[in-house]
Amino acid sequence: MDKLKFIEKLNELDVSGKSTIELYNEISALAMQCGLEGTKQIQGKNAYYLSMEFLIGRSFYNNLLEIGVLEETQDILSSKGVDINIFEEIEDAALGNGGLGRLAACFLDSAAGLDLPLHGYGIRYKYGLFKQKFENGFQVELPDDWQGMGDPWSIRRDNEKRLIKFADMEVYAVPYDMPVFGKRINRLRLFQAEGSAEAEKISEVLYPADDTEEGKLLRLRQEYFFSAAAVGELLDGFVKQRGKNFDKFPEYNVIQLNDTHPVIAIAEFIRLLTVKYRLTFAKALNLAKNTFAYTNHTILPEALECWQEEHIKKILPDIAEIMLKISVYAMREFKTLGCSKEQASEMAIYKSGTFYMANLAVFIAKTVNGVAALHTEILKDSLFATAHKFYPNKLQNKTNGITHRRWLELCNKELSKLLDETIGDSWRTDISELDNLKGFTDSTVDEFIQVKQIKKEQLLEYIARKEGVEIPADCLVFAQVKRLHEYKRQLMTAFAVLELYYGIKSGRLSSLHPCVFIFGAKSAPSYKRAKAIIKFINEIAKKVNSDEQTCDKLRIVFVQNYNVSYAEKIVAGTDVSLQVSTAGLEASGTGNMKFMMNGAVTCGTMDGANIEIVERAGKENNYIFGATVTELSRLKSEGYNPMNYCSEEEHRKALESLIDGSFSDGGSGEFKALYDSLTIGASWHEPDNYFVLYDLDSYVKTLIKVCQDYSDRKTFAKKQLTNVANSAYFSSDRTIKEYAKSIWEI
Ligand SMILES: *Cc1c(COP(=O)(O)O)cnc(C)c1O
């Protein structure tokens, strides 16, 4: 890396008459040129992270920070009359949907920062996840043409393209490399599909609708496309560098499968070794067992992929054959281990016409990991209980993390500076130094209050500009920002906020500290209930914000197009992070960690990493409510009737507001459908299967308690700062060190 050269060239840069986009491309190109100087060749063992998503967000500021020239760039541009913030106009690269994709991005950042060789493989989607807009309160999806402003951080590698073969078509996988800057430079390689109009469809959009056979086949093509390109080049590269002694392959390579999407890579690996390199099947399978590792991200059945045999046979007949062979091999192994028929069937890779990709991953992978302590326990006790019994050493926990470079240094320069002044700046390179903040003094608390206020004002100004909603800066800020899903229970927050509203209006809660609830979430385009929840919250916001009787006490805003760049502002300016998923269903959560590190207290359930957060920062410094996993399983076995839990007037009123004409769903009937899902259920589920009504009472009481506590600003700020002081564990630097040590052995 050549910082001086960058600074010199930037000083020479003529900015006059140039547009933001031109400047963005020129400065980025300069940074690439200087940043890449002196790149090391890959030696020894490398880890590869295969993921359908990389939610990297905006690269500009982050890369300048990593190269170590962010401040200089700001100063030089400023001396030329250019405000560095103009580049906020540049769109995020939203090549992901939520936590899973953001985790992949955080991992790459941490590995580069720790000088560990971890490289990403994925798809270079032409369009990222859609851009969200609200029209009359409804979500509208617009194409997200993220490359429209140029893509100066990628390098196309034409000479390394590979041909990927399907039964009915051939497709080129053309690599685009994005450097990941840190102590070393790693590589995120995204493949673009080319060759024909049909071929190009493969890398056009993330998660194309899969409710038709055509859609399902397209998804399968995407998964095979990037997995095959990755595995193919790793094997060929090995042969070229070290010859055909494949026994040594696992000494130099380990492949991490991020969820089930890339699991088909296992079959391709065995196919190449047996067909192209003529190894025996048993030998190839054993090599696979020493090469792959698998991360499970959820126990929700819809994310544990199953493929119909007929679909795989249609476009990938050789892969279908290999998977059948693996299945037979697995069955034999299960038998020798002494499994009963039922046990073998639970772990089966193939059953009557269907392939179970999670079972394939668990059978082959050297290690299988969950993403938070509770989640891993659930994997051991239920989802993969049988596998855990017969392969007791496979399952491990690796609690997720977030990169403190983007999620503290970059998004909260004010808090970072306060930390520098309080404990020195070594936390920036060794996050465990943040522990030294424990035992902070009163004057640090005062300074923290000021920092929080500045970040809050910045956030609220931004929201006013973007959304047109004015929010007074003395508000207590609550935020629930994450994908929209029933299990995350944004609907429960909507009910709770309505109850606060009615309470303030009636005078019962008149002494509450003024507060604002910020929501941010995209709904999958075909997920009707999720879209109805967005509309419902927008309707509530409209009513509440325009009620002169209450609007100086309570505001609601649902921000549009929630993404990484929006998250950077929200986590820094928030007081209370809402993490209220049904216990047992949020595998980890990482949003919760970003908030914690920026000094928001968690108001949430005993779920995912919330448990580990309060374990470290103290229950007394956070707000835990609601049913636990144990309580819910007892409730389920006894028979849960949600109607028993909303007899109280307030809860009843909130629920009934879905159907009593308080709010309009534009005649779509979607609010009634939400109401029915809670009260009578549906063909595929019991009423209120996410226990919204069960937890509502304790949720409302907890929110009221938070508001009351906040009136003692200093005591509340101590809770917040205690969260910061205990957040080092949630840096993905810690997570990556654990992967490197006990999974990858790099
Ligand atoms: C961190 C992050 C997520 C994950 O949030 P959870 O609350 O853990 O679900 C989703 N989207 C974006 C843009 C993020 O930055």
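In the block above lies the structure referred to throughout.
Small disclaimer: the values here were computed from a predicted structure and weren't measured.

What to know about the sheet that holds strand 15 (residues 354–356)
Next up, step 1: Across the sheet, which stays open at both edges, the three strands sit in the order 13-15-14 with antiparallel pairing between neighbours. The outermost strands of the open sheet, each flanked by one partner alone, are strand 13 (306–308) and strand 14 (350–351).
Next up, step 2: The pairing of strand 13 with strand 15 spans three bridges and is classified as antiparallel. Paired with W307 across the two strands is F355, which belongs to strand 15.

Some words on helix 22 (residues 564–573)
Next up, step 1: The buried fraction of helix 22 amounts to nine of the ten residues, a majority that puts the element mostly inside the structure.
Next up, step 2: Among all positions in helix 22, only V564, S565, Y566, A567, E568, I570, V571, A572 and G573 are buried.
Next up, step 3: At the N-terminal end of helix 22, a side-chain oxygen is found 3.3 Å from the backbone nitrogen of S565, two or three residues along, and the residue is N563.

What about the pattern of salt bridges?
Next up, step 1: Under the definition given, this model contains 52 salt bridges.
Next up, step 2: Here K248 makes a salt bridge to E251, at a shortest N to O gap of 3.7 Å.
Next up, step 3: A residue is classified by how much of its surface remains accessible, and K248, at 36% relative accessible area, is partly exposed.
Next up, step 4: Looking at E251, the relative accessible area reads 45%, which means it is partly exposed.

Quick word on the packing of aromatic side chains
Next up, step 1: Here the structure, examined in full by the defined rule, presents 33 aromatic pairs.
Next up, step 2: Centroid distance F536 to F671: 5.4 Å. Interplanar angle 75°. Geometry classified as edge-to-face. Highlighted residues: F536 in helix 21 (residues 528–545) and F671 in helix 27 (residues 670–679), separated in sequence by 135 residues. Grouping residues by exposure puts F536 and F671 together as buried.
Next up, step 3: Through a chain of ring-to-ring contacts, the aromatic side chains of F238, F246, F249, F269, Y277 and F292 assemble into a single cluster.
Next up, step 4: The ring of Y172 carries the charged tip of K161 above its face, separated from the ring centre by 4.4 Å.
Next up, step 5: Taking the ring centre of Y391 as reference, the NZ or CZ of K394 above it sits at 4.7 Å.

Conventions adopted
Residues numbered from 1 in each chain as written. Predicted model: local features only at pLDDT ≥ 70, side-chain atom pairs only at ≥ 80, totals over all residues. Heavy atoms only, no water. Pairing = 2+ DSSP bridges. Helix = DSSP H or I, 4+ residues; strand = E, 2+ residues; numbered from the N terminus. Buried < 20%, exposed > 50% of the residue type's maximum accessible area, 1.4 Å probe, protein only. Polar contact = N/O pair within 3.5 Å; in protein donor to acceptor, adjacent residues only side chain to side chain. Salt bridge = Lys/Arg side-chain N within 4 Å of Asp/Glu carboxyl O. Phe/Tyr/Trp six-rings, centres within 6.5 Å; stacked < 30°, edge-to-face > 60°. Lys NZ or Arg CZ within 6 Å of the ring centre and 35° of its normal.

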